[in-house]
Amino acid sequence: MANEKRVDKGLRRIACGVFLLTAQQDGRDNGCIVNTVLQSTSSPEGLIVMMNKGSMTHDMVMATRRFCVSALDVTAPYALFERFGMRSGRDGDKFEDYEEVGRADNGLLFLSRHACAMFTVDVEQTMDLGTHTLFAGKLTQGMTLSGEAPQTYSGYHEHVRPKPQKKEEAKPQGGWVCTVCGYVYEGEELPEDFVCPWCGHGAADFERR
């Protein structure tokens, strides 16, 4: 395990980043994109993560009480977000034929490329937040993976996500689409307090189709 200074520095460095959270249950690996990972305590080192309840990875963490987070860096390609942020683990194995991973000390997968740091956590407390669950636990392993800067959602929108192609005579499709994960809300008017069931982002991150 990394020493205390190294772990603390890493946690502060990635607190505003984008992360791949992985879990394993009954020999099956799964992962999803999250954007809320915070240091809770420094002695002992603690970590807090917030996850959407609709995620299969969420269910695995609830059952096994452990997870791993890889902090994505600025080299992370759009294909990585498509695989882990726009697909459901219930529809298939997200890690099938994906070789850019390693195993942490507790057996969970972490990214061996496109990540600047990884941390594993044993969950000690949970809090029900309605559409999300907050997991708080003890850091069991921390490791720097690269010297690249961490990715952010603003960086993702500006440099990674493909710009929409405008069609001059395309008819409006109707509804609203989440600019983070692609979820489509079919209603004519989007409620101000709407929360995306896939990624947890609010109405401010939706745009008309």
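Being a predicted model, the structure only gives us computed values, none of them experimental.

### What to know about the sheet that holds strand E3 (residues 37-42)
Ordered in space as E2-E1-E5-E8-E9-E4-E3, the seven strands form an open sheet in which the pairing is antiparallel. Of all strands in the sheet, those with a lone pairing partner are strand E2 (28-34) and E3, marking the two edges. When the angles between neighbouring strand axes are averaged without regard to direction, this sheet yields 35°. Strand direction decides the pairing type here: strand E5 (residues 66-72) and strand E8 (residues 115-128), joined by seven bridges, are antiparallel. Of the residues in E8, the one forming a bridge with cysteine 68 is threonine 120. Sheet contacts for helix H2 (residues 56-64): strand E1 (19-25), E2, strand E4 (45-52), E5, E8 and strand E9 (132-144); angle to E1, the most-contacted strand, approximately 55°.

### With respect to the pattern of salt bridges
For side chains bearing opposite charge, pairing can occur when the charged atoms are close. Taken as a whole and judged by the stated rule, the model has seven salt bridges. The closest approach of N and O atoms between glutamate 188 and arginine 208, which form a salt bridge, is 3.7 Å. Taken together, the residues glutamate 188 in the loop between strand E11 (184-185) and strand E12 (206-208) and arginine 208 in strand E12 connect sequence positions 20 residues apart. Given a relative accessible area of 43%, arginine 208 falls into the partly exposed group. Across the pair arginine 208 and glutamate 189 runs a salt bridge, and its minimum N-O distance is 3.5 Å. Within this pair, whereas arginine 208 is found in strand E12, its partner glutamate 189 is found in the loop between E11 and E12, the two being separated by 19 residues in sequence. Beyond isolated ion pairs, a larger network of salt bridges with shared partners links Glu188, Glu189 and Arg208.

### A word on the pairing of E4
Counting buried positions along E4 yields six of eight residues, so the element is predominantly enclosed. Looking at chain direction, E3 and E4 are connected through four bridges and run antiparallel. Looking at E4, one finds that serine 42 is bridged to glutamate 45. Hairpin connection of E3 to E4: two residues between the antiparallel strands.

### Considering the environment of glycine 187
By the secondary structure assignment, glycine 187 is in the loop between E11 and E12. Relative accessible area serves as the criterion here: at 21%, glycine 187 is assigned to the partly exposed category. Each C-alpha atom, one on glycine 187 and one on tryptophan 176, is 7.3 Å from the other, the two residues being 11 residues apart in sequence. Non-local contacts of glycine 187, meaning those with residues more than four positions away in its chain, are made with Gly175 and Trp176.

### Comments concerning unusual backbone geometry
Only a minority of non-glycine residues have a phi that is not negative, and only a minority of peptide bonds are not trans. Here aspartate 26, not a glycine, exhibits a phi torsion of approximately 55°, which is positive. With respect to the helices and strands, aspartate 26 occurs in the loop between E1 and E2.

### Section: H2
All of the buried residues in H2 are Met56, Thr57, His58, Met60 and Val61. In the core, the buried residues of H2 are packed alongside E1, E2, E4, E5, E8 and E9. A distance of 3.0 Å separates the backbone nitrogen of threonine 57 from a side-chain oxygen at the start of H2, and that oxygen is part of serine 55. Of the residues flanking the end of H2, it is arginine 65, one or two places downstream, whose phi is positive at about 65°.

### Brief notes about the sheet that holds E11
Across the sheet, which stays open at both edges, the three strands sit in the order E11-E10-E12 with antiparallel pairing between neighbours. Edge positions in the sheet fall to E11 and E12, since each has one partner strand and no second. Sheet topology places strand E10 (residues 176-178) next to E12; three bridges connect them, and they run antiparallel. Each residue of the ladder has a partner; that of valine 177, found in E12, is glutamate 207.

What counts, and at which threshold
Each residue is numbered by its place in its chain's sequence as written, counting from 1. Local features in this predicted model are restricted to residues whose pLDDT is 70 or higher, and side-chain atom pairs enter the listing and the counts only when it is 80 or higher, whereas totals over whole chains, interfaces and linings include all residues. Side-chain figures throughout are based on the complete set of non-hydrogen atoms in the structure, without hydrogens or water. A pair of strands is treated as paired once DSSP finds two or more bridges between them. Each helix is a run of DSSP H or I of at least 4 residues and each strand a run of E of at least 2, with the numbering of both proceeding from the N terminus. Axis geometry follows a simple rule: fit a line to the C-alpha atoms, using only the stretch in contact for helices, then measure angles between N-to-C directions, giving values from 0 to 180 degrees. A contact between two residues is defined here by any heavy atoms of the two lying within 4.5 Å. What counts as a salt bridge is simple: a side-chain nitrogen of Lys or Arg found within 4 Å of a carboxyl oxygen of Asp or Glu. Any residue under 20% of the maximum accessible area for its type is buried, any over 50% is exposed, and the rest in between are partly exposed; the area is computed with a 1.4 Å probe on protein chains only. Throughout this description, a polar contact denotes any pair of N or O atoms lying within 3.5 Å of each other; where both atoms belong to protein, one of them has to be capable of donating a hydrogen while the other can accept it, and for residues adjacent in sequence the pair is counted only when both atoms sit in side chains.

Bear in mind that shape data such as this cannot, by itself, settle questions of function.
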